[in-house]
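Now for the letters of each chain:
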Amino acid sequence: MPDANCFPLLRTLRITRTKEPPPPAREAHFTSLVAVVLNSITSNVLTTLDLYLYSLDAHQALGDFLTRSSPPLESLSLDVRFVMAGQEVEREMVLAGALSCVPSVRKLRYRG
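Residues numbered from 1 in each chain as written. Predicted model: local features only at pLDDT ≥ 70, side-chain atom pairs only at ≥ 80, totals over all residues. Heavy atoms only, no water.

K.L.:
It is not clear to me how the environment of Leu 95 should be interpreted in this structure. Could you clarify?
P.N.:
Among the structural elements, Leu 95 can be located in helix H3 (residues 88-101). Of the residues examined, Leu 95 reaches a relative accessible area of 19% and is grouped as buried. Between the C-alpha atom of Leu 95 and that of Leu 78, which follows or precedes it by 17 residues, the distance is 8.1 Å. Residues within four places of Leu 95 in sequence aside, it is in contact with Leu 108 and Tyr 110. (Helix = DSSP H or I, 4+ residues; strand = E, 2+ residues; numbered from the N terminus. Buried < 20%, exposed > 50% of the residue type's maximum accessible area, 1.4 Å probe, protein only. Contact = heavy atoms within 4.5 Å.)

K.L.:
Sorry, what's going on with the pairing of strand E4 (residues 48-53) here?
P.N.:
The side chains of a regular strand alternate, residue by residue, between the two faces of the sheet. By the criterion of burial, E4 is predominantly enclosed, with six of the six residues buried. Of the two faces of E4, the one carrying Thr 48, Asp 50 and Tyr 52 and the one carrying Leu 49, Leu 51 and Leu 53 are both buried. In terms of strand pairing, strand E2 (residues 12-15) meets E4 through four bridges, oriented parallel. Looking at the pairing, Thr 12 lines up with Thr 48 of E4. Strand direction decides the pairing type here: E4 and strand E5 (residues 75-80), joined by six bridges, are parallel. When the sheet's bridge partners are listed, Tyr 52 is paired in E5 with Asp 79. Between the parallel elements E4 and E5, the chain passes through helix H2 (residues 56-69) in a crossover that is right-handed. (Pairing = 2+ DSSP bridges. Right-handed = clockwise from strand over helix to strand, strands pointing away.)

K.L.:
What exactly am I supposed to notice about helix H1 (residues 33-40) here?
P.N.:
Three- or four-residue spacings in an α-helix give side chains the same orientation, since the helix completes a turn every 3.6 residues. For H1, every residue scored as buried is listed here: Val 34, Ala 35, Leu 38 and Asn 39. All buried residues of H1 project into a common sector of 120 degrees when viewed along the axis, lining one side. Packing partners of the buried residues in H1 comprise E2, strand E3 (41-42), E4 and H2. (Arc of directions from axis to C-beta.)

K.L.:
What am I meant to see in unusual backbone geometry here?
P.N.:
Glycine aside, residues mostly have negative phi, and peptide bonds are mostly found in the trans state. If you check the backbone angles, Ser 70 has positive phi at about 45 degrees while not being a glycine. With respect to the helices, strands and loops of the structure, Ser 70 is situated in the loop between H2 and E5.

K.L.:
Explain the nonpolar core to me, please; I cannot follow it from the model alone.
P.N.:
Generally speaking, a soluble globular protein has its nonpolar side chains buried in company with each other. Counting 25 residues, the largest nonpolar core has Leu 49, Leu 51, Leu 53 and Leu 62 as the members making the most contacts within it. Looking at this core, the elements with two or more residues in it are E2, H1, E4, H2, E5 and H3. The dominant element in this core, judged by the number of residues it contributes, is H2, at five residues. (Core = buried A, V, L, I, M, F, W, Y, C linked by side-chain atoms within 4.5 Å.)

K.L.:
Help me understand H2, please; the structure alone is not making it clear to me.
P.N.:
Over its 14 residues, H2 extends 20 Å from the first C-alpha to the last, a length consistent with the 20 Å expected when each residue adds 1.5 Å. The complete set of buried residues in H2 reads Asp 57, Ala 58, Ala 61, Leu 62, Phe 65, Leu 66 and Ser 69. Taken around the axis of H2, the buried residues stretch over an arc of 165 degrees, which confines them to a single face. Looking one or two residues beyond H2, the residue adopting positive phi is Ser 70, at roughly 45 degrees. (Expected span 1.5 Å × (residues − 1).)

Structure representation (structure tokens):
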């Protein structure tokens, strides 16, 4: 992965829906839009993050982004759709992983 572009003034990032189909309809080797964006940027001033996670690569990119950026997030909103029904443990892992990177979160919204 090339170096991420730094956005020192980016305080809010929202990717709530895309027009691309979720897996398995799209090819597994294509990277989701959310993953492309999160893997391409760094913002250590981000305070609001609102994401629609519909693929495993998006989840992995979220963790990498939060680790790389260490933003002072105040509001985190995750709409997790890549986890199949009945896999609640994996849903909890998504949330726990994201929260462990940003202990500053004051407002949390999680839909799964």
